[in-house]
Amino acid sequence: MEQEVNAVTQAQTTLGSGTILDGTETARAIREELKGEIEGFLSRGLRHPGLAVILIGTNPASQVYVKNKVLACKKTGIESHLHQLDENIETNQVLKLIEELNQKDDIDGILVQLPLPATLSTDTILEAVRPDKDVDGLHTQNVGRLLSGKKGLRPCTPRGIMELLARYEIPLEGKAAVVIGRSNLVGKPISIMLLEKHATVKICHSRTKDLDRQARDADILVVAAGRKEIVKGSWIKPGAVVIDVGIHKEESDDGKGRLCGDVLFSEAREVASYITPVPGGVGPMTVAMLLSNTVESYKSRLPQFF
Ligand code: GUN
């Protein structure tokens, strides 16, 4: 699978004029760094970092994401503890499990895979996670910390985007950034993080007028609209940096279903200076940042050693 992704990425690198922001390779480098760090902990006689993952119901995309997260933990030296719960479980029962995990010393991170079944209260469940174990950065205490520029756990996808931009040394100061999407998971936090790096940020959404014109203003365009290939080549300012957060499965006759994003890649790569592919762009970076957040949480919970 990874070889396939690499082949796709390499082909795209040579075809388009824009440079590919290679999330697969960058995430691999981050995993290696974290693995080395964790080996250092073990050589000092410390335990492995531990991550609890809660998956509720049978959403097929969530099952794939969780499988990837568990596999990435294994590759890195993080012990994952997967809790698969029936879709008919009640909020109170989930809260009871979270409380148990909150108390466990060997659990540094707790991740509740979203979306939850509609019968459950997402807000109540996310608020139940101890803020210092909230490796998804979705507890209001961590959201508040992000907003006020304080240290704290930050959501994985926006952190992954910022890390990718930093590792490719893409300057942000004074740049016009346009974010399409206003979700708590991506749109709002990435806007704050870009602002923190001194970009001038505009947040667009489904009710924004003249979305194409707004997008064309962007030096940095982040698309988290959740709509397949909505951003065309003509929406992109020549030389812009394009970050595609979307992931959709294309229907195909062979039933395999090619993956694509919110950006029409074949057009956009001709106009952009840098662009993330789908797959192999933002997705692997999200997982890498989950690992990084878990290690960060581990270190902050063992202050006598760090
Ligand atoms: N579902 C889609 N993306 C995410 C994510 O970053 N975290 C969680 N918990 N669920 C998701």
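Residues numbered from 1 in each chain as written. Predicted model: local features only at pLDDT ≥ 70, side-chain atom pairs only at ≥ 80, totals over all residues. Heavy atoms only, no water.

Student: Hey, could you run me through the overall build of the protein chain in this one?
Tutor: Counting its secondary structure elements, the protein chain contains 11 helices and 11 strands. Taking 19 Å as the expected radius of gyration for a compact globule of 306 residues, we find that the protein chain reaches 19 Å, a close match to that expectation. Overall size of the protein chain, expressed as C-alpha extent along the three principal axes, is 50 × 45 × 45 Å. Across the 306 residues that make up the protein chain, the buried fraction comes to 49%. Excluding contacts between residues fewer than 6 apart, the proportion of contacts in the protein chain whose partners are at least 24 apart in sequence is 70%. For the protein chain, the accessible surface area stands at approximately 14900 Å², while carbon and sulfur atoms represent 51% of it. Placing the 38 positive and 40 negative side-chain charges of the protein chain at their respective mean positions leaves the two points 3 Å apart. (Helix = DSSP H or I, 4+ residues; strand = E, 2+ residues; numbered from the N terminus. Rg over C-alpha atoms; globule rule 2.2 N^0.38 Å. Buried < 20%, exposed > 50% of the residue type's maximum accessible area, 1.4 Å probe, protein only. Contact = heavy atoms within 4.5 Å. Areas by Shrake-Rupley, 256 points an atom, 1.4 Å probe, with all protein chains shown as cover. Lys, Arg positive; Asp, Glu negative; His and termini not counted. Charge placed at Lys NZ, Arg CZ, Asp CG, Glu CD.)

Student: Can you help me understand the environment of Asp106 in this one?
Tutor: Tracing the chain through its elements places Asp106 in the loop between α4 (91–103) and β4 (109–112). Its relative accessible area of 37% is what places Asp106 among the partly exposed residues. Sequence separation between Asp106 and Val201 is 95 residues; the distance between their C-alpha atoms is 40 Å. When neighbours within four sequence positions are excluded, Asp106 is seen to be in contact with Arg47 and Gly50.

Student: What's the story with a nonpolar patch on the surface in this structure? I'm lost.
Tutor: On the surface, Val64, Tyr65 and Ile247 cluster together into a nonpolar patch covering about 250 Å² of accessible area. Turning to its location among the elements, Val64 is positioned in helix α3 (residues 60–76). (Patch = residues over 30% accessible without salt bridge, like charges linked within 9 Å, V, L, I, M, F, W, Y side chains within 5 Å. Salt bridge = Lys/Arg side-chain N within 4 Å of Asp/Glu carboxyl O.)

Student: What exactly am I supposed to notice about the sheet that holds strand β7 (residues 220–223) here?
Tutor: Within a sheet, adjacent strands bond to each other through the backbone by hydrogen bonds, running parallel or antiparallel. The sheet built from 6 strands is open, its strands ordered β1-β11-β8-β7-β5-β6 with parallel pairing. What marks the edges here is a single partner per strand, and that holds for β1 (19–20) and β6 (200–204). Bridge count between β1 and strand β11 (residues 274–275): 2 bridges; the pairing is parallel. Among the inter-strand pairings, Thr19 is bridged to a residue of β11, identified as Tyr274. (Pairing = 2+ DSSP bridges.)

Student: Any chance you could explain the side chain of Thr76 here in plain terms?
Tutor: Residue placement: Thr76 occurs in helix α3. Among all residues touching Thr76, those that are not within four sequence positions of it are Arg31, Leu34, Lys35, Ile38 and Leu291.

Student: When you look at α3 in this model, what are you seeing that I'm missing?
Tutor: An α-helix turns once per 3.6 residues; consequently, residues spaced three or four apart project the same way. Between its first and last C-alpha atoms α3 spans 25 Å; for 17 residues at 1.5 Å apiece the expected length is 24 Å, and the two agree. Among all positions of α3, only Ser62, Val66, Lys69, Ala72, Cys73 and Thr76 are buried. Projected onto a plane normal to the axis of α3, the buried residues spread over an arc of 125° and lie on a single side. When the buried face of α3 is taken as reference, the exposed residues oriented beyond 90 degrees from it are Pro60, Lys67 and Lys74. Turning to α3, the residues buried within the fold contact α2 (23–43), β2 (50–56), β3 (79–85), β4 and α11 (282–301). (Expected span 1.5 Å × (residues − 1). Arc of directions from axis to C-beta.)

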